[in-house]
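# Close look at the chain arrangement
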Amino acid sequence: NNKKYIAFTYDDGPSEYTLDLLKTLELNNSSATFFMLGNRMKNYEDVILEIYKSNSEIGNHTYSHKDLSQIDIEELNNEINSTNIIYNEITNDTLKYLRPPYNNYNVGAINNNLEIVTWNIDTNDWLNRNSNEIYNNVITNACDGCIVLMHDIYEESIEATKMLIPKLHEMGYEIVSISDLARIKNYDFTSEEVTSEMKSDE
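Residues numbered from 1 in each chain as written. Predicted model: local features only at pLDDT ≥ 70, side-chain atom pairs only at ≥ 80, totals over all residues. Heavy atoms only, no water.

## Details of helix H7 (residues 131–141)
Defined as follows: Each residue's exposure class comes from its accessible area (1.4 Å probe, protein chains only) as a fraction of the maximum for that residue type: buried when under 20%, exposed when over 50%, partly exposed otherwise. Numbering of helices and strands runs from the N terminus; a helix is a DSSP stretch of H or I covering at least four residues, while a strand is a stretch of E covering at least two. Along the arc lie the directions from the helix axis toward the C-beta atoms. Residues are treated as being in contact if the distance between any of their heavy atoms lies within 4.5 Å. Definition of a polar contact: a pair of N or O atoms within 3.5 Å, with one able to donate and the other able to accept a hydrogen when the atoms are protein atoms, and with sequence-neighbouring residues admitted only if both atoms are side-chain atoms.
For H7, the set of buried residues is Ser131, Ile134, Tyr135, Val138 and Ile139. The arc enclosing the buried residues of H7, seen along the axis, measures out at 125 degrees, which places them on a common side. Buried residues along H7 sit against strand S1 (4–13), strand S6 (121–122), helix H6 (125–128), strand S7 (147–151) and helix H8 (155–170). For H7, the side-chain oxygen to backbone nitrogen distance between the N-cap and asparagine 132 is 2.9 Å, and the N-cap itself is asparagine 130.

## Examining the packing of aromatic side chains
The cut-off we apply is this: The pairing test for Phe, Tyr and Trp rings, Trp by its six-membered ring, is centres within 6.5 Å, and the orientation test on the planes gives stacked under 30 degrees, edge-to-face over 60, and tilted for anything in between.
All told, the structure shown has 5 aromatic pairs when counted by the stated rule. Look at tyrosine 52 and tyrosine 87: their rings are 6.5 Å apart centre to centre, the planes differ by 75 degrees, and that puts the pair in the edge-to-face class. Here the residue tyrosine 52 occupies a position in helix H3 (residues 45–53), and tyrosine 87 occupies one in helix H4 (residues 73–91), the gap between them amounting to 35 residues. On the basis of relative accessibility, which here comes to 36%, the residue tyrosine 52 falls in the partly exposed class.

## Considering the nonpolar core
The tendency in soluble globular proteins is for nonpolar side chains to be buried side by side. The test is simple: Grouping buried Ala, Val, Leu, Ile, Met, Phe, Trp, Tyr and Cys residues that are joined through side-chain atoms within 4.5 Å yields what is termed a nonpolar core.
Ranked by internal contacts, the top residues of the largest apolar core, which has 35 residues, are Ile6, Phe8, Phe34, Leu164 and Leu168. Sort the elements by how many residues they give to this core and H8 lands first, with 5 residues. Within the second largest apolar cluster, 14 residues are counted, among which are Ala7, Tyr97, Ile147 and Tyr187.

## Examining the state of the cysteines
Selection criterion: Pairs of cysteine sulfur atoms within 2.5 Å are identified as disulfides in what follows.
Within this structure, the stated rule accounts for 1 disulfide. The disulfide partner of cysteine 143 is cysteine 146, and the gap between their sulfur atoms is 1.9 Å. Note on the cysteine 143 and cysteine 146 pair: the S-S dihedral is about 90 degrees, so by sign convention the disulfide is right-handed. Here cysteine 143 matches cysteine 146 in class, with each residue buried.

## A closer look at the pairing of strand S2 (residues 32–36)
Rules: At least two DSSP bridges between two strands are required for those strands to pair. Crossovers are marked right-handed if the path from the first strand over the helix to the second runs clockwise, as seen with the strands pointing away from the viewer.
For S2, the buried fraction is high: 5 of the 5 residues fall into the buried class. Across the two faces of S2 the burial is the same, with Ala32, Phe34 and Met36 and Thr33 and Phe35 all buried. Inspection of the sheet shows S1 paired to S2 by 5 bridges, in the parallel sense. Bridge pairing in S2 links glycine 13 to methionine 36. Following the backbone out of S1, through helix H1 (residues 18–27) and into the adjacent parallel S2, one traces a crossover that is right-handed. Direction of pairing for S2 relative to strand S3 (residues 57–60): parallel, over a ladder of 4 bridges. Among the inter-strand pairings, threonine 33 is bridged to a residue of S3, identified as glutamate 57.

Right, dumping it as structure tokens:
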């Protein structure tokens, strides 16, 4: 089996572009993980339910994008738990993954019962806001087991995704969610480990 797998993740949503992105993924037999902000989730309940019914999934990106390494444990827990509660109220299900804003975390974040997932391909889409640059960042650095960071609040990132999917398929990749990548790679999350990629054993 020469198939390669790469996980697409999108932070800071949901937004007006998220459903279009989800449709693109589904039409191309692809999936992703959406790390959402709790303070945006209640305004997009329909989007959350559509993702929940799909092959894609939702993760926790805190309630208001605070730097978890700069706040006390009570505020940290509120940032994480508020988002968990909102998601549960909408879906009657629980979240499994946390992506700390700015990739900053501490012992309090690690001990919150969610698996911390970061990335090893940063498209810098928030900075360049250019679909061709986003595309090139992924294609140049793509690898089996890689985790890609994008944001579904930028139209350019959705356009880049539409270009990336056929090219990556042509390169032998399937585009999957974090849960799918973990299942395919037989990856075991550990409570004290931060996951940035899921490489196959050589």
